[in-house]
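A look at the structure
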Amino acid sequence: MSPSTPMDQSHTLPCHVGIIMDGNGRWAKARGKGRLEGHKQGAEVARNVVAWAKDLGIRQLSLYAFSTENWDRPKLEVRGLMSLLSILLPKTLPEMMKNGVRFRVLGDISPLPGSARRAVEKAMQQTEANTGIDLILCLNYGGQQEILAAARKACEWVQLQGDNQSAWASLTPERFRSMMWRHDTAPLDLLIRTGGEQRISNFHLWDAAYAELYFTDRYWPDFSRQDLQDALTDYASRERRYGLTSEQVS
Ligand code: FPP
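So, here is what we can say about the structure in this document. (Residues numbered from 1 in each chain as written. Predicted model: local features only at pLDDT ≥ 70, side-chain atom pairs only at ≥ 80, totals over all residues. Heavy atoms only, no water.)

This part covers the site of the ligand. The immediate surroundings of the ligand are formed by 17 residues, with Asp22, Gly25, Arg26, Arg35 and Arg73 found nearest. Between the ligand and glycine 23, the relevant distance is 3.3 Å, taken from an oxygen atom to a main-chain nitrogen or oxygen of the residue. A distance of 2.8 Å separates an oxygen atom of the ligand from a polar side-chain atom of arginine 73. Here the ligand, which alone exposes 610 Å², has 89% of that area covered by the protein. Contributing elements (two or more residues each) for the shell around the ligand: α1 (24–29), α2 (35–55) and α3 (75–98). (Near = heavy atom within 4 Å. Polar contact = N/O pair within 3.5 Å; in protein donor to acceptor, adjacent residues only side chain to side chain. Areas by Shrake-Rupley, 256 points an atom, 1.4 Å probe, with all protein chains shown as cover. Helix = DSSP H or I, 4+ residues; strand = E, 2+ residues; numbered from the N terminus.)

Structurally, alanine 123 is set in helix α4 (residues 114–127). Excluding residues that lie within four positions of it along the chain, alanine 123 makes contacts with Leu89, Leu93, Met96 and Phe103. (Contact = heavy atoms within 4.5 Å.)

Attention now moves to the packing of aromatic side chains. Considering all chains together, one arrives at eight aromatic pairs under this definition. A ring pair is formed by phenylalanine 66 and tryptophan 71, whose centres lie 4.8 Å apart and whose planes are at 75°; its orientation type is edge-to-face. We classify phenylalanine 66 as buried; its relative accessible area is 2%. Geometrically, the ring pair formed by tyrosine 141 and phenylalanine 203 is edge-to-face, given 6.5 Å between the ring centres and 90° between the ring planes. Of this pair, tyrosine 141 sits in strand β4 (residues 133–141) while phenylalanine 203 sits in the loop between β5 (190–193) and β6 (212–215), and the two are 62 residues apart along the sequence. (Phe/Tyr/Trp six-rings, centres within 6.5 Å; stacked < 30°, edge-to-face > 60°. Buried < 20%, exposed > 50% of the residue type's maximum accessible area, 1.4 Å probe, protein only.)

So, in structure tokens, the structure goes:
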């Protein structure tokens, strides 16, 4: 069997996949539509990708829906994205329950409009016990902000220890990660970015250290199950060495 067939991937399937869903605006522009139409179509694909990921055996999926920098977009677009969230989340809840999706958020939701925040909180509460797949929506998320928040916690933690010097010495990357917002999610294995740009844009910065990166020109609203499968096939062909030699990891 060829190493790229789906069955062969069972042992090389990523546990946690993160997606930067880029290209909504260009998709809309190419069709003479407004940017919000692109986001609406993108939201439909986001809904589908959760089901595809679950079917394919992925345990955790994080979607970059709104970055800390996205607040500076035109007011109308920000408002549109927030109302999409408050309208679509309740609509999608029955589907999430049926598919065993546990909905979670990475980011600071406190500045979100009340209706969006309430929709997010309700979805988290109602899906808490589901075990099919974790959907981690990155909302008002920034990787630098996440690291900075952990650095503040680390300083407080060191202050509380009797011997500051040995506390600093025992601050390993693992201990530091345990102070991050993401502490109870698996490390990111595969980071997919659609839309043709090849950058990380403040997404999952800490875990990007050893995540495999996959870029596709496809605009997010055109992203299909086959595109996800292609990314997984590519991932399965990678050798993850974490700084070791090829001989060591094999
Ligand atoms: C990037 O494309 C996309 C976003 C900033 C938003 C992603 C949002 C969705 C997929 C909808 C679901 C999310 C919510 C909050 C309901 P872009 O607009 O930068 O595209 P462009 O680079 O072509 O302009």
